[in-house]
Amino acid sequence: FTSTMNHFDQIDLTVVDANFQHWKECQRDKHPVFLTLGGSFNPVHRLHVHSFEVARKRMLEAGMYVLGGFLVLSTDAWIQGKMAASEVIPFALRLELCVLACQDSGHVKPLPFAEANCARTLADLQGHLTTRLGHPIAGVMLCGPDLLERGAYSRTPVVCVPRCGFDAAHALASRSSPSYIVDAGVVGDDDMALSSTRCRELIRAGRWDELR
């Protein structure tokens, strides 16, 4: 699948609508935004969802009210270019796992289609929400410093969640677009060490008890 404006009609925006109403009634001094996190989610893990929660608090501190968050899953073809075919979880199953991972969150949902270009999806979704809600809604990319060090999302507002082995402040130093850093102490050392790569290593080794 690839994202088009028509695909956005498939998204359940109930939470976004409710939060927008709350913003109109109680939070008009803040700027309404939404967050997206792109990736393979092969597999999804707890830091993916936890990142939205800590980023949401950071955005509130910066004067922004987060209406909702969205996981943007990569296409199967894109993932197959990164790893062995035997380790690629098909999109339908990755989506199902992401739905389960988000079920206890009141703000985060996976988009129901796969996408190879997360920045384009953010821009398209920004237009869709602005039209739907009748008010400018800004999109902010949620990501780790490893992507920023590679020059990703150079023209997109970002909120950076720390990861072990990467200097978030250094990754953001040369950016011209708005950037925010979540305090590492809020994320926690155990979560900062998590990655889908690590999860796959534990699965291969049969160390299921460590997948918590």
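Right above here is the structure, for reference.
Just so it is clear, the structure is predicted and the values come from calculations on it, not from any experiment.

Caption draft 1: How the structure looks around the pattern of salt bridges. This structure, assessed with the given rule, holds five salt bridges. Where Lys-109 meets Asp-12, a salt bridge forms, and the shortest distance between an N and an O atom there is 3.8 Å. Here Lys-109, found in strand β3 (residues 108-110), pairs with Asp-12, found in the segment before α1 (14-26); they are 97 residues apart in sequence, far enough to count as distant.

Caption draft 2: Representation of the state of the cysteines. For the coordinates displayed, the defined rule picks out zero disulfides. Note on Cys-98: no disulfide assigned, nearest cysteine sulfur contributed by Cys-102 at a separation of 6.2 Å. This cysteine, Cys-118, is not joined by any disulfide, and Cys-143 carries the nearest cysteine sulfur, 9.2 Å off. For Cys-118, a relative accessible area of 10% puts it in the buried group.

Caption draft 3: Focus on the packing of α1 against helix α5 (residues 118-133). Two elements in contact, α1 and α5, have axes separated by 12 Å at closest approach and are oriented at 55°. The orientation of α1 with respect to α5, classified from their angle, is oblique. Here α1 runs over α5; the crossing is right-handed. Residue-level inspection shows Val-16, Asp-17 and Phe-20 of α1 in contact with α5, the latter providing Leu-129, Arg-132 and Leu-133. Classifying every residue of the contact of α1 with α5 by side-chain character gives four nonpolar, no polar and two charged.

Caption draft 4: Fine view of the pairing of strand β2 (residues 64-73). Taking burial as the measure, the ten residues of β2 include ten buried ones, the bulk of the element. With eight bridges connecting them, strand β1 (residues 31-39) and β2 associate as parallel partners. Paired with Pro-32 across the strands is Tyr-65, a residue of β2. With helix α2 (residues 46-61) bridging β1 and its parallel neighbour β2, the resulting β-α-β unit is right-handed. Relative to β3, β2 runs parallel, the two being bridged by three bridges.

Caption draft 5: Examining the environment of Asn-117 more closely. The topology assignment puts Asn-117 in the loop between β3 and α5. Counting along the chain gives 79 residues from Asn-117 to Gly-38, while the straight-line C-alpha distance between them is 8.5 Å. Only 3.2 Å separates the side chain of Asn-117 from the backbone nitrogen of Ala-119, close enough to count as a polar contact.

Caption draft 6: The nonpolar core, seen in detail. One finds Ile-11, Leu-67 and Phe-70 to be the most contacted residues of the largest nonpolar core, which totals 27 residues. Residue assignment for this core shows that the elements contributing at least two residues are α1, β2, α5, β4 (138-143), β5 (158-160) and α7 (168-172). Tallying contributions element by element places α5 first for this core, with five residues. Among the nonpolar cores identified, the runner-up in size contains 26 residues, and Val-54, Phe-91, Ala-114 and Val-161 belong to it.

Rules used throughout
- Residues numbered from 1 in each chain as written.
- Predicted model: local features only at pLDDT ≥ 70, side-chain atom pairs only at ≥ 80, totals over all residues.
- Heavy atoms only, no water.
- Salt bridge = Lys/Arg side-chain N within 4 Å of Asp/Glu carboxyl O.
- Helix = DSSP H or I, 4+ residues; strand = E, 2+ residues; numbered from the N terminus.
- Disulfide = S-S within 2.5 Å.
- Buried < 20%, exposed > 50% of the residue type's maximum accessible area, 1.4 Å probe, protein only.
- Axes fitted to C-alpha atoms, helices over the stretch in contact; angles between N-to-C directions.
- Parallel < 35°, antiparallel > 145°, perpendicular 65-115°, else oblique.
- Left-handed = near helix turned anticlockwise from the far one by under 90°.
- Contact = heavy atoms within 4.5 Å.
- Nonpolar A, V, L, I, M, F, W, Y, C, P; charged D, E, K, R; others polar.
- Pairing = 2+ DSSP bridges.
- Right-handed = clockwise from strand over helix to strand, strands pointing away.
- Polar contact = N/O pair within 3.5 Å; in protein donor to acceptor, adjacent residues only side chain to side chain.
- Core = buried A, V, L, I, M, F, W, Y, C linked by side-chain atoms within 4.5 Å.

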